[in-house]
Amino acid sequence: MSGVLVVGGGPAAHRLAERLRRYGYEGAVTVVGAEPRAPYNRALLGSVLDGTLDAGRLTLPGLPSDVRVLTGTRVTGVDRAARTVRTGDGREFGYDTLVLATGARPRTPPVPGLTDGAGRLAEGVRTVRTAADCRPLSEGPAVVLGGGLRGVETAAALRRAGHEVALVHPGDRPLSRHLDAAGGAVLAEWLRSRGVALHLGVRVAEYARGKVVLDDGRVLAAGTVLLCAGSVPDTGLARSAGLPVREGVVVDSRLRSADPRVHALGDCAQRADLPGATVLGAWEQADALARILTGKDLLYRDGRQVLRPRTPGMNLVVLPPDAGGDEDGDETVTLRDPAGGRYARLVLRGARLRHGLVIGSARAVAAVSRLYGGDAPVPSDLLALLTGADGTYAGAGEPPEDAVVCHCNNVTRKALKDAWRAGARDTGALGRATRATTGCGSCAPVVRQLCAALAREAVSGPAPAEGGTR
Ligand SMILES: Cc1cc2nc3c(=O)[nH]c(=O)nc-3n(C[C@H](O)[C@H](O)[C@H](O)COP(=O)(O)OP(=O)(O)OC[C@H]3O[C@@H](n4cnc5c(N)ncnc54)[C@H](O)[C@@H]3O)c2cc1C
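Summarised in this report is the structure supplied together with it. (Residues numbered from 1 in each chain as written. Predicted model: local features only at pLDDT ≥ 70, side-chain atom pairs only at ≥ 80, totals over all residues. Heavy atoms only, no water.)

### What to know about the overall build of the protein
Looking only at helices and strands, one finds 11 helices and 26 strands in the protein. A globule of 470 residues ought to have a C-alpha radius of gyration of about 23 Å, and the protein, at 23 Å, matches this closely. Along the three orthogonal principal directions, the C-alpha set of the protein runs to about 65 × 60 × 50 Å. Looking at the protein residue by residue over its 470 residues, the buried ones come to 50%. Considering only residue pairs separated by 6 or more positions, the protein has 59% of its internal contacts joining residues 24 or more positions apart. Carbon and sulfur atoms provide 50% of the accessible area of the protein, an area that totals close to 20900 Å². If the 60 positive side-chain charges of the protein are averaged to one point and the 49 negative ones to another, these points end up 3 Å apart. (Helix = DSSP H or I, 4+ residues; strand = E, 2+ residues; numbered from the N terminus. Rg over C-alpha atoms; globule rule 2.2 N^0.38 Å. Buried < 20%, exposed > 50% of the residue type's maximum accessible area, 1.4 Å probe, protein only. Contact = heavy atoms within 4.5 Å. Areas by Shrake-Rupley, 256 points an atom, 1.4 Å probe, with all protein chains shown as cover. Lys, Arg positive; Asp, Glu negative; His and termini not counted. Charge placed at Lys NZ, Arg CZ, Asp CG, Glu CD.)

See below:
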């Protein structure tokens, strides 16, 4: 009765447990998570920070009753020879297969004053990783350390909540790892226009209660400091169990560590060809591992992940560069419209998107994300694509029934319509019925629109036949 034991109670662990049962795994499934609450969707924390989502609503759908979930329980050691794990409260659990899904921890920059002598965060300093971290801010102004994805999202969320916010970033533009100078300038302008005070090209040199000192000598008032200086895969358990770790736990194309009975996935795992840490990536890996463990599939093939910060009102997508780099014959197309807050630079090979970024146009972002995700050929009118004038790929007109609305959970329009007709009449109910909107949340506007359209149709009768696609 040892079965599969999953260490970590985050989105990766949750999805793996759910998929194991879906794919017919009959052995015991145990999820052991250190956080005190049931698995929740960390990717939606920005909405808790800006006050638009209650933290309770982050909880992921309940797992089948025959999955054992232990919360508030930290695994402190693995005995690979005996195939057991120990927990902080002194219990021991056996396994046939162990899955490490321990996620990542926020990095604390080595700035004097941020931590006390024992390594605890000083008063007024917090990380942005857990639901507990995202409780409302009682003391402003807020200073966000780090202008990467999390820093930009956090600063924008706090502004939406009405706080005075300064963002301090050592790069010369926000998202400097992902955006070129022109894209960074558009994002910087957008942040400033929203009231975020940007301090670029500087670092925080020191923190003392109520203020930070920058390395150019300036002092900023800081009621709360939020650390968004990157995260580090949580590999302590793997290391102490003697498993190879580089930045993350090293796994092969079966998401298997050096020990064939131990797998790793999500933010704690590493493969040279895995994309950056996203909840979608974690879920794809969980699905793949469940298939592998139930003999339905043999390999994990990573999907084409894009980076889309959750900053309502700022449309931005980054298509990460592939490991192989650019080749002779690759073509770069660029659109610059700083006054209109738009910029795009895409690298194409043949007619397919390799990497690049689009910023400013919702329709262009949607179209490019969709084409890239499906590795589909771009249309001949690239200008129309980049300006969003070509609605073909961005959802203008009526999308087909099998069009995926929620990419996180693979929910189609048809599934949403069926759920609506079965009685799920608002976004929340549709989310519970289909899981749409419970992933990264970016499909919520489309689900709302669909809901409204179905309600209108119910009152006024179906629109003239369009191949049954309404
Ligand atoms: C503020 C924020 C916003 C984000 N926004 C987005 C977004 O918009 N889009 C996106 O794609 N991604 C986003 N992400 C990233 C996304 O949340 C992660 O990629 C995802 O949560 C990874 O899931 P995971 O299960 O691998 O790890 P985690 O979510 O980190 O979960 C790991 C869990 O394991 C537990 N654990 C660790 N060690 C042990 C142990 N020894 N014993 C027991 N339990 C243990 C941890 O406490 C934690 O609960 C965001 C992340 C943050 C922090």
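### Brief notes about the side chain of Asp50
On the secondary structure map, Asp50 appears in the loop between α2 (45-49) and β3 (67-70). With residues near it in sequence (within four places) discarded, Asp50 still touches Ala157, Arg160 and Ala161.

### Quick look at the site of the ligand
The environment of the ligand is formed by 32 residues, the closest being Ala12, Glu35, Arg42, Arg129 and Val279. Within the backbone of Ala34, one N or O atom sits 3.0 Å away from a nitrogen atom of the ligand. One of the backbone N or O atoms of Ala43 is found 3.4 Å from a nitrogen atom in the ligand. Relative to its free-state accessible area of 1000 Å², the ligand is covered by the protein chains to the extent of 93%. Mapped onto the shell around the ligand, the elements with two or more residues apiece are α1 (11-22) and α3 (149-160). Partitioned by chemical class, the residues of the shell around the ligand number 14 nonpolar, 9 polar and 9 charged. Mapped onto the domain boundaries, the shell around the ligand takes at least three residues apiece from domain 1 (4-104 + 232-293) and domain 2 (125-229). (Near = heavy atom within 4 Å. Polar contact = N/O pair within 3.5 Å; in protein donor to acceptor, adjacent residues only side chain to side chain. Nonpolar A, V, L, I, M, F, W, Y, C, P; charged D, E, K, R; others polar. Domains from an automatic or database assignment.)

### So, the nonpolar core
If you look at the biggest cluster of nonpolar residues, it comprises 46 residues, and the most contacted ones within it are Leu5, Val6, Leu16, Val85, Leu98 and Leu100. Looking at which element gives the most residues to this core, the answer is helix α6 (residues 279-293), with 6 residues. (Core = buried A, V, L, I, M, F, W, Y, C linked by side-chain atoms within 4.5 Å.)

### Details of the environment of Gly373
Mapped onto the elements, Gly373 comes out in helix α7 (residues 362-373). The exposure class of Gly373 is partly exposed, given its relative accessible area of 42%.

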